[in-house]
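Okay, here's what each chain looks like letter by letter:
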Amino acid sequence: MIRFGSPLIFRRNTISTGQVRIVSAHKQKGENIMKKLLRFLKLLVGIGVVTAFIGCAATQKHESTGQYVDDSVITTKVKAVIFDEPGLKTMQINVKSYKGVVQLSGFVDSEQSVKKAGEVARNVAGVTEVKNDLIVK
């Protein structure tokens, strides 16, 4: 539909030669809007990808994915060693690790068990420090 007052653009139809198709400026504006929308969506996707990569990077308060996996391996090893120790009860000792620092918390029966758990945790590969917060009940 052609409206009065709207500028007209003439294009040659590529399907059948010799025909001239009249396209209103309104249709061309719609094509420009679609191009701008596509450009905007590409920008959003780019920003999302950059944000995802930055989110996986390590900071002082957050650890990277690799550090998280390493700490979970250390935690598992410390729990296994404590479980193998006959004098320690694993159900009462909680083990957490962050950047190689292992924290032991929970309850044990004697002061000797507190020292033994700390020594056992220090001997695990990858442990840089042990914070022994075990409490004797």
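One can find the structure itself at the top, above this paragraph.
Residues numbered from 1 in each chain as written. Predicted model: local features only at pLDDT ≥ 70, side-chain atom pairs only at ≥ 80, totals over all residues. Heavy atoms only, no water.

Details of the pattern of salt bridges
This is how the line gets drawn: Any carboxyl oxygen of Asp or Glu that lies within 4 Å of a side-chain nitrogen of Lys or Arg is treated as forming a salt bridge with it. Secondary structure elements are defined from DSSP: runs of H or I of at least 4 residues count as helices, runs of E of at least 2 residues count as strands, and each element is numbered from the N terminus. For the exposure calls, accessible area comes from a 1.4 Å probe over protein chains only, and a residue counts as buried if that area is under 20% of its type's maximum, exposed if over 50%, partly exposed in between.
Enumeration according to the criterion identifies 1 salt bridge in this entry. In this structure, the salt-bridge partner of Lys-116 is Glu-85, at a minimum N-O distance of 3.7 Å. Taken together, the positions of Lys-116 in helix 3 (residues 111-122) and Glu-85 in the loop between helix 2 (65-84) and strand 3 (93-98) put the pair 31 residues apart, joining distant regions of the chain. Taking relative accessible area as the criterion, Lys-116 reaches 34% and is therefore assigned partly exposed.

Points about unusual backbone geometry
Although it is not a glycine, Lys-99 adopts a positive phi angle of roughly 55°. With respect to the helices and strands, Lys-99 occurs in the loop between strand 3 and strand 4 (101-108).

Side note on the sheet that holds strand 5 (residues 129-136)
What counts here: A pair of strands is treated as paired once DSSP finds two or more bridges between them. Between N-to-C directions, angles span 0 to 180 degrees; the directions come from axes that are lines fitted to C-alpha atoms, helices contributing only their stretch in contact. It only takes one pair of heavy atoms within 4.5 Å for two residues to be counted as in contact.
Across the sheet, 3 strands lie side by side as 3-4-5; this open sheet has mixed pairing. Each edge of the open sheet carries a strand with a single partner, namely strand 3 and strand 5. Neighbouring strand axes in the sheet, compared pairwise and without regard to direction, differ in orientation by 10° on average. Examined bridge by bridge, strand 4 and strand 5 share 8 bridges and lie parallel to one another. Counterpart to Val-102 in the pairing with strand 5 is Val-130. Sheet contacts for helix 2: strand 3 and strand 4; angle to strand 3, the most-contacted strand, approximately 155°. In the packing of helix 3 onto the sheet, the strands contacted are strand 3, strand 4 and strand 5, and the crossing angle to strand 5 comes to about 160°.

Description of a nonpolar patch on the surface
Worth spelling out the cut-off: Within the patch definition used here, like charges are joined within 9 Å and nonpolar side chains (Val, Leu, Ile, Met, Phe, Trp, Tyr) within 5 Å, considering only residues with over 30% relative accessible area and no salt bridge. Using a 1.4 Å probe, accessible areas were evaluated by the Shrake-Rupley method; residue-level cover was limited to the displayed protein chains.
Together, Met-34, Leu-37, Phe-40, Leu-41, Leu-43, Leu-44 and Ile-47 give the surface a local cluster of nonpolar side chains, amounting to about 670 Å² of exposed area. By secondary structure assignment, the location of Leu-37 is in helix 1 (residues 25-55).

Observations concerning the nonpolar core
The condition that has to hold: Grouping buried Ala, Val, Leu, Ile, Met, Phe, Trp, Tyr and Cys residues that are joined through side-chain atoms within 4.5 Å yields what is termed a nonpolar core.
If you look at the biggest cluster of nonpolar residues, it comprises 17 residues, and the most contacted ones within it are Val-78, Ile-82, Ile-93 and Leu-104. Elements represented by at least two residues in this core include exactly helix 2, strand 3, strand 4, helix 3 and strand 5. It is helix 3 that provides the largest number of residues to this core, a total of 4 residues. Among residues more than four places away in sequence, those in contact with Ile-93 are Ile-82, Leu-88, Leu-104, Ser-105, Val-108, Ala-117 and Leu-134.

Quick word on the side chain of Ser-113
Mapped onto the fold, Ser-113 is located in helix 3. The class of Ser-113 is buried, set by a relative accessible area of 11%. Setting aside chain neighbours within four positions, we find Ser-113 in contact with Gly-87, Leu-88 and Val-108.

Fair warning: the whole summary comes from geometry, so function is off the table for now.
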